[in-house]
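# Breakdown of the fold
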Amino acid sequence: MIKNIIEKMYKGSFEDLNKMLYNDIKENNKKFIVTANSETFVNALQDEKFLKLLLDNQTTIVADGISAIYAGKKLGYHIKEKIPGVEISVKLLEFCNELKKDLYVFGSTDKVIDLFEKVI
């Protein structure tokens with residue numbers, strides 16, 4: 001199960017991810033991005049629906065924790081670099097602003113969402 005997640009995980013650079021995301025936004029391709037850390041793996045082991053979501057073709061899993069990189073290494077996969085979700089969020093906002101596109105973002109609480117809204 002964990003091997004399937006690691007196998008599917010994005011293994012390129014942040015720069016290459018940005019190019020892919022920019023093109024996806026430009027072409028109106030929907031994508032669900034999961035920034036994976038150790039909690040992601042624990043949740044996948046405990047929740048079959050979450051595992052299914054992770055393995056869906058429209059989901060991109062990005063290593064947002066060193067544990068994801070180490071797990072990949074242990075299983076024989078080279079994940080190029082850790083890519084923090086906050087950095088992806090900044091780029092997505094920039095791309096959507098430039099391309100005049102909408103972006104759907106959700107958080108864990110109304111407080112988090114309200115704070116995010118104020119920041120942007």
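Look above for the structure.
Keep in mind the model is a prediction, meaning the values are calculated, not measured.

### Quick look at the packing of aromatic side chains
Evaluation of the coordinates by the stated rule reveals 1 aromatic pair. Both rings, one in Tyr22 and one in Phe95, keep their centres 5.2 Å apart while their planes meet at 85 degrees; by these two values the pair is edge-to-face. Of the two residues, Tyr22 is situated in helix α2 (residues 14-26) and Phe95 in helix α6 (residues 85-99); the sequence distance between them amounts to 73 residues. On the basis of relative accessibility, which here comes to 9%, the residue Phe95 falls in the buried class.

### A closer look at the pattern of salt bridges
Counting across every chain of the model gives 3 salt bridges. The closest approach of N and O atoms between Lys31 and Asp24, which form a salt bridge, is 3.1 Å. The salt bridge partner of Glu94 is Lys91, with a shortest N-O separation of 3.2 Å. Of this pair, Glu94 and Lys91 both sit in helix α6, 3 residues apart, which is roughly one turn of the helix.

### A word on the nonpolar core
The biggest cluster of nonpolar side chains holds 15 residues, and the ones touching the most others in it are Ile5, Met9, Phe41, Leu54, Ile61 and Ala63. Breaking this core down by element, the ones donating at least two residues are α1 (2-8), β1 (32-36), α3 (38-46), α4 (48-55), β2 (59-63) and α5 (66-74). The element contributing the most residues to this core is α5, with 3 residues. Those residues in contact with Ile5 that sit more than four places away from it in its chain are Phe41, Ala44, Leu51, Leu54, Leu55 and Ile61. Among the nonpolar cores identified, the runner-up in size contains 11 residues, and Phe14, Leu17, Val62 and Leu92 belong to it.

### Observations regarding the packing of α3 against α4
Across the interface, α3 lies against α4 with an axial gap of 5 Å and an inter-helix angle of 120 degrees. As judged from the angle between their axes, α3 and α4 are oblique. Every pair of crossing elements has a handedness; the one defined by α3 and α4 is left-handed. Contacts between α3 and α4 involve Thr40, Asn43, Ala44 and Gln46 from the first element and Glu48, Phe50, Leu51 and Leu54 from the second.

What counts and how
- Residues numbered from 1 in each chain as written.
- Predicted model: local features only at pLDDT ≥ 70, side-chain atom pairs only at ≥ 80, totals over all residues.
- Heavy atoms only, no water.
- Phe/Tyr/Trp six-rings, centres within 6.5 Å; stacked < 30°, edge-to-face > 60°.
- Helix = DSSP H or I, 4+ residues; strand = E, 2+ residues; numbered from the N terminus.
- Buried < 20%, exposed > 50% of the residue type's maximum accessible area, 1.4 Å probe, protein only.
- Salt bridge = Lys/Arg side-chain N within 4 Å of Asp/Glu carboxyl O.
- Core = buried A, V, L, I, M, F, W, Y, C linked by side-chain atoms within 4.5 Å.
- Contact = heavy atoms within 4.5 Å.
- Axes fitted to C-alpha atoms, helices over the stretch in contact; angles between N-to-C directions.
- Parallel < 35°, antiparallel > 145°, perpendicular 65-115°, else oblique.
- Left-handed = near helix turned anticlockwise from the far one by under 90°.

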